[in-house]
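Each chain, written out:
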Amino acid sequence: MTFRDVIVIGAGHAGCEAAAAAGRCGASTLLLTHKLETIGEMSCNPAIGGLGKGHLVREIDALDGLMARVADQAGIQFRILNASRGPAVRGPRAQIDRRRYRAAMSDALKAQANVSVMAEAVEDLIVEDGRVAGVLCASGAAYRAARVVLTTGTFLRGVILRGKERVPAGRAGDAASVGLADRLYTLGLAMGRLKTGTPPRLDGRTIDWSGLAMQAGDAPPTPFSFMTGSIATPQVRCGITATTRATHAVIAERLSESAVYGGRVAGKGPRYCPSIEDKVVRFSDRDSHQIFLEPEGLDDPTIYPNGVSTSLSAATQDRFLRTIPGLATVAVFRYGYAIEYDYVDPRELDATLEVRRLPGLYLAGQINGTTGYEEAAAQGLMAGLNAACGAAGSSPAILGRDEAYIGVMIDDLVTRGVTEPYRMFTSRAEYRLRLRADNADQRLTRRGVDLGCVGAERERSFQGKADTLARVREAASALSLTAAQAAEAGFQIARDGQPRSLVQLLTHKEIQLADLALIWPQVADWPAFAREQVEIDAAYHGYLDRQDADVAHFRRDEDLRLPSDLDYAALGGLSNEAREKLIAVKPATVGQAARIEGITPGAITALLGHVRRRAA
């Protein structure tokens, strides 16, 4: 039996990134999946990125992950969301050709050194001496490894619900995973049920597009990956329609068919991505809700109606769809459904995503209570990276809240847990002026090189870009105007005797970089990415200094480590509630302890006292 460093279970977005990350680190890696043809499957919306989510994709890319490059190969409509707002909250997004994405992801994994892929249904874990030692498959095969990464998505005891139908499944057409769920329950892990849903898939050839508004992507499209020069795939438009009063009347009449309103589901769904039933009930004062008709591929007539996720019966879906403009004669390829599944309370994990009660086992993706391809992929990358580090006996890879949205997400999960499917938003990041999508490589690629997960090609590309940016920033700081010189150029600045650098001049809203290029022609010769960074430096001039001070304060608390074997039951000065929460989370630092919901300043004072006494 061949021994591997790392085994990854599941080839969705988390599993693909986990396997690739482990392979990049030099770990011999085996990726096991139910079906080879569903590698990189987009089970719901065929789109990547968005607000907060696009930041995650750029960070995955900065660490040499796959998602951004694969999305660039398969993207059929690219847009920067919030383009009119500040750079910190802009979100790259792309509509994806589902088939192209699967094919490109499969090719990327085949090309990845140290990774092999096999079609096997894993039923159980091999546990020896309190550690995971491998996996057992339905075929009877056993595979042994130093570390195992579990990325089961919605497959753990998954159940599809549509009207009165209740079908055990991980997603449409794929069986649920029961054996692995049973194993996790026997470990005594805190677990629960969550719910998500998907809309019907429509035949675009039966839609009347003539009366619908159409939305094009950005021209030219902005790639996700820092390694992509331009997008070569043909681009498409999406249609826009909306529900009507007649739609709402049909849904209200058949509300008892809904999995939630009919009382057939216990798991909680995401508030920010409600089903059409939820919208009708919760926003009863509204006459319509917008729907985006999104193509699923260049050579595929399937349309994804974004905005009408539902678990109503097939007959009712047919009825309400035909009340929507453009869909009066629409044919349905597959009806929408809700799916309920098991998840593990992420507070059972440490910051490396390793299960505390079973060393050697890492969890990533929806099994940790998250939703979204991007959240899953980011966790997968970090779980695979840490599994490889663990197998090699090297230090773990942990990103802080001040370093990456990935760090924010993992800290939120392992510190606070979830009460509903967790989705990334820019508002979750305290230091979002620093954690922008445009500077993800500046923040993380050098870190990835040090961790061993960034390849030589990306390292060379990044170093060239970093050198260019350093030269441009130095040049920008050397260019300056006095108040008199600025006045001659038509700019009004304070006459305080202090010259203003190019960056300082750009802090004036009426002064644009194009204006300054008329004074200093060399500015026009700077690469576009460098000009953009100079403009962003100016936009956040002063604000970043204040945020740096906040980060320094944050780091002071993060550097105060708490012993992993700290006996909170014996620690004085804690309320019973605080003691229970600290025992449940086992925070690694005083800073993490302070972020646990319900932990008071008094409890932090008690912890600080313990740290200082221990250090004395």
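Just above sits the structure.
Now for a description of the structure that goes with this document. Small disclaimer: the values here were computed from a predicted structure and weren't measured. (Residues numbered from 1 in each chain as written. Predicted model: local features only at pLDDT ≥ 70, side-chain atom pairs only at ≥ 80, totals over all residues. Heavy atoms only, no water.)

### Quick look at the nonpolar core
Let me state the cut-off plainly: Here, the term nonpolar core denotes a set of buried Ala, Val, Leu, Ile, Met, Phe, Trp, Tyr and Cys residues that are joined through side-chain atoms within 4.5 Å. The classification of residues rests on relative accessible area computed with a 1.4 Å probe and restricted to protein chains. Under 20% of the type maximum is buried, over 50% is exposed, and intermediate values are partly exposed. Strands here mean DSSP runs of E at least two residues long; helices mean DSSP runs of H or I at least four residues long; both are numbered from the N terminus. Contacts: residue pairs with any heavy atoms within 4.5 Å of one another.
Judged by nonpolar contacts, the single largest core of 101 residues is most densely connected at Ile-48, Tyr-101, Val-135, Leu-361 and Met-382. Looking at this core element by element, the count peaks at 11 residues for helix 9 (residues 373-392). Once you skip the residues sitting within four places of it in the chain, Ile-48 turns out to touch Met-42, Val-57, Met-67, Ala-71, Pro-92, Arg-93, Ala-94, Ile-96, Tyr-101, Phe-224, Tyr-373 and Glu-374. Phe-491, Leu-516, Ala-517 and Trp-520 belong to the second largest nonpolar core, which has 23 residues in total.

### A short note on unusual backbone geometry
Of all residues except glycine, most have a negative phi; of all peptide bonds, most are trans. Here Ala-219 and Pro-220 are connected by a cis peptide whose omega angle stands at -5°. Relative to the helices and strands, Pro-220 is located in the loop between strand 14 (213-215) and strand 15 (238-242). Notably, Asp-129 is not glycine yet its phi reads approximately 55°, a positive angle. Mapping Asp-129 onto the fold places it in the loop between strand 7 (122-128) and strand 8 (131-137). Residue Asp-129 is classed as exposed on the basis of its relative accessible area of 82%.

### Quick look at the layout of surface pockets
Rules: Cavity means a closed set of points on a 1 Å grid over the protein atoms alone, one where a 1.4 Å probe fits but cannot get out, pocket means an open set with protein on both sides within 12 Å along at least 5 of 7 lines, and lining means a residue has an atom within 4 Å of a point. Grid points are joined across faces, edges and corners, and a volume is the space filled by probe spheres set on the points.
Estimates place the volume of the second largest pocket at around 690 Å³. Residue lining of the second largest pocket: 25 residues in total, with Arg-58, Ile-80, Thr-222, Pro-223 and Glu-532 positioned closest to the centre. Every element with two or more residues in the lining of the second largest pocket is listed here: strand 5 (91-96) and helix 16 (528-539). Counting residues per element, the lining of the second largest pocket draws most heavily on helix 16, which supplies four residues.

### Some thoughts on the environment of Ala-266
Considering the arrangement of structural elements, one finds Ala-266 in the loop between helix 6 (245-253) and helix 7 (276-282). Distance in space between the C-alpha atoms of Ala-266 and Lys-195 is 8.1 Å, their sequence separation being 71 residues.

### Details of the pairing of strand 8
Selection criterion: Here, any two strands with at least 2 DSSP bridges between them count as paired.
Burial analysis of strand 8 places five of its seven residues in the buried class, which makes it a mostly covered element. Pairing geometry for strand 7 and strand 8, over six bridges, is antiparallel. In the strand pairing of strand 8, Val-122 is matched with Cys-137. Counting the residues that bridge the hairpin from strand 7 to strand 8 gives two residues, and of these Asp-129 lies at a positive phi of roughly 55°. Summarising the sheet, strand 8 and strand 9 (residues 142-150) pair through three bridges and their orientation is antiparallel. Of the residues in strand 9, the one forming a bridge with Leu-136 is Ala-142. Hairpin geometry of strand 8 and strand 9 is characterised by an intervening segment of four residues between the two adjacent antiparallel strands and by a positive phi of about 100° at Gly-140.

### Structural notes on the sheet that holds strand 15
Selection rule: For helices, the fitted line uses only the C-alpha atoms of the stretch in contact; every axis is such a line through C-alpha atoms, and the angle between N-to-C directions lies from 0 to 180 degrees.
Pairing in this open sheet of six strands is antiparallel, and the strands run 14-15-16-17-13-18 from one edge to the other. A single partner strand is all that each edge strand has here, and the edge strands are strand 14 and strand 18 (332-334). Each strand of the sheet is rotated relative to its neighbour by a mean of 35°, with strand direction disregarded. Pairing between strand 15 and strand 16 (residues 290-295): four bridges, direction antiparallel. Within the sheet, the bridge partner assigned to Thr-241 lies in strand 16 and is Ile-291.

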